[in-house]
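Close look at the chain arrangement
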Amino acid sequence: MNKFLTDKVNNLTPSATLAMAAKARELKSKGVDVIGLSLGEPDFNIPEFIKEEAVKAINDNYNSYTPVDGYVDLKKAISRKFSRDNNLNYSASQIVVSTGAKQSIANVIESMISPGDEVILLAPFWVSYSAMIEICGGIPIIVESDITSNFKVPASKIKDNITFKTKMIIVNSPNNPSGSIYNEYELREIGKMLMDYPEIFVLSDEIYEHINYGVKHFSFASIPKMYNRTITVNGVAKAFAMTGWRIGYLGAPEWLAKACTKLQGQSTSGANCIAQRATIAALDANVNQIKYMIDEFSERKELIINLLSEIKGFEINNPDGAFYIFPDVSYFFGKIIDGFEIKNSTDFSLFLLEKAHVATVTGEAFGSPNNIRISYAASRENIKKAIERIKSIF
Ligand code: GLU
């Protein structure tokens, strides 16, 4: 606690994903050979055709402020992408470009959530949703799931958690951290259930859309009766290996797009101009141009599942998307191994860091205290080495 800081910041939980990545970086800088499987960050280079557009934008002197909500031709490219991939019709006035999908989500939450409002999160959920809601004085309502239901929450269970204070539900498919994908039927069931609640909105976070190993992606806003109360968030970080370029976007009802633009105009003024120009090339590309990365992630998934299943105590899921596995490690709770007491998944994750020098993220941060998240957005060599090390400490 620091008396000069606001309660809001004093009470804020640091991002567990970024905190673990920082810890791994710090250990590395001290000479410890840490293998980082904590961050959801593709290890590929950005495709050449995207880099070329960025270089061209610099040479063409794109250096001024952009429109707050993004260049018009980028918003048109986003509109084409939504129509091509998602069967969604968003005009440029319904689209806002932001500094990463993270800011798109923060803008929506800040625009819509007032103190006391409830937002339903389907566990496991990405660590920053709950923090963003709390920053606005909202209340995250966590609806649990576990490995036995493939980390998915059925519509009936969501309904049980709706109250007169429920303002929004966040759906994230493919899911970070479980990699599970809600299929069209499951999402339509949620949509059907919401017909009884005409004032509840859905924020559909589709940032992992293209990291998909076979289940057809379905966009929640393509349910006609939900279109006017769904916000579709996406970005280029994961599919195009552009994490640091920080470009995300949303499609929403026009009044909400305007609100997010107003908010953004008083905070960042808009996303980076060079990255916006490069994003046009990324979004207009044929998705086959990034298939090599998805194929490689798929191979790595098989590799990590095979290697981890050789270790007693790891109950492993087989995800349909994203680049994480989310094993249940509760078998180890209550055990003392090599002098290290493991009471929960945070201890377990720290145990792996200390004894095997492998960075993962505790499931507690994602609302699933029996699990840990392991990112396989790492080279096969590093995956093999990491699991070998983990195996050797038991
Ligand atoms: N979304 C990624 C992750 O979960 C990046 C880090 C973050 O912003 O949380 O690892």
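Quick note: structure is the one above.
This report concerns the structure included in the present document. (Residues numbered from 1 in each chain as written. Predicted model: local features only at pLDDT ≥ 70, side-chain atom pairs only at ≥ 80, totals over all residues. Heavy atoms only, no water.)

1. Brief notes about the site of the ligand
- As a structural note, the neighbourhood of the ligand is formed by Thr17, Leu18, Leu39, Gly40, Lys102, Trp126, Asn176, Lys238, Tyr324 and Arg373.
- In the model, an oxygen atom of the ligand is placed 2.6 Å from a nitrogen or oxygen of the Thr17 side chain.
- A distance of 2.9 Å separates an oxygen atom of the ligand from a polar backbone atom of Gly40.
- Burial of the ligand by the surrounding chains reaches 87%, relative to a free accessible area of 280 Å². (Near = heavy atom within 4 Å. Polar contact = N/O pair within 3.5 Å; in protein donor to acceptor, adjacent residues only side chain to side chain. Areas by Shrake-Rupley, 256 points an atom, 1.4 Å probe, with all protein chains shown as cover.)

2. As for the sheet that holds strand β8 (residues 247–251)
- Ordered in space as β2-β8-β7-β6-β5-β3-β4, the seven strands form an open sheet in which the pairing is mixed. The open sheet has two edge strands with one neighbour each: β2 (95–99) and β4 (139–143). Between one strand axis and the next, the sheet turns by 25° as a mean value, whatever way the strands run.
- Sheet analysis places strand β7 (residues 230–235) next to β8, joined by four bridges and oriented antiparallel. Within β8, the position partnered with Thr232 by the bridge is Gly251.
- Against the sheet, helix α4 (residues 72–86) contacts β2, β7 and β8, and its axis sits at roughly 110° relative to β2. (Pairing = 2+ DSSP bridges. Helix = DSSP H or I, 4+ residues; strand = E, 2+ residues; numbered from the N terminus. Axes fitted to C-alpha atoms, helices over the stretch in contact; angles between N-to-C directions. Contact = heavy atoms within 4.5 Å.)

3. As for the environment of Arg25
- Residue position: Arg25 is located in helix α2 (residues 16–29).
- Residues Arg25 and Ile35, spaced 10 residues apart in sequence, show a C-alpha to C-alpha distance of 9.7 Å.

4. Some remarks on the packing of α2 against helix α12 (residues 345–356)
- One can describe the packing of α2 onto α12 by two numbers: an axis separation of 12 Å at closest approach and a directional angle of 20°. With respect to α12, the element α2 is oriented roughly parallel. The way α2 lies across α12 gives a crossing that is right-handed. The segment α2 lies against α12, with Met20, Lys23 and Leu27 engaging Ser349, Leu350 and Leu353.
- Of the residues assigned to the contact of α2 with α12, the class counts are four nonpolar, one polar and one charged. (Parallel < 35°, antiparallel > 145°, perpendicular 65-115°, else oblique. Left-handed = near helix turned anticlockwise from the far one by under 90°. Nonpolar A, V, L, I, M, F, W, Y, C, P; charged D, E, K, R; others polar.)

5. Quick look at the side chain of Asn172
- The residue Asn172 is located in strand β5 (residues 166–172) in this model.
- Judged by relative accessible area, which is 5%, Asn172 ranks as buried.
- Within the local environment of Asn172, its side chain forms a polar contact with the backbone oxygen of Asp205, the two atoms lying 3.0 Å apart. (Buried < 20%, exposed > 50% of the residue type's maximum accessible area, 1.4 Å probe, protein only.)

6. Section: empty space enclosed by the protein
- One pass over the structure, following the stated rule, counts three cavities of 30 Å³ or more.
- Each pocket or cavity is described by its volume, and for the largest cavity that value is around 80 Å³.
- Lining the largest cavity, in full, are Leu122, Ala123, Pro124, Phe125, Tyr129, Phe151, Ile170, Val171, Asn172, Asn175 and Tyr182.
- Looking at the lining of the largest cavity residue by residue, the classes come out as nine nonpolar, two polar and no charged. (1 Å grid on protein atoms, 1.4 Å probe; cavity = no way out; pocket = protein on both sides within 12 Å on 5 of 7 lines; lining within 4 Å. Points joined across faces, edges and corners; volume = space filled by probe spheres on them.)

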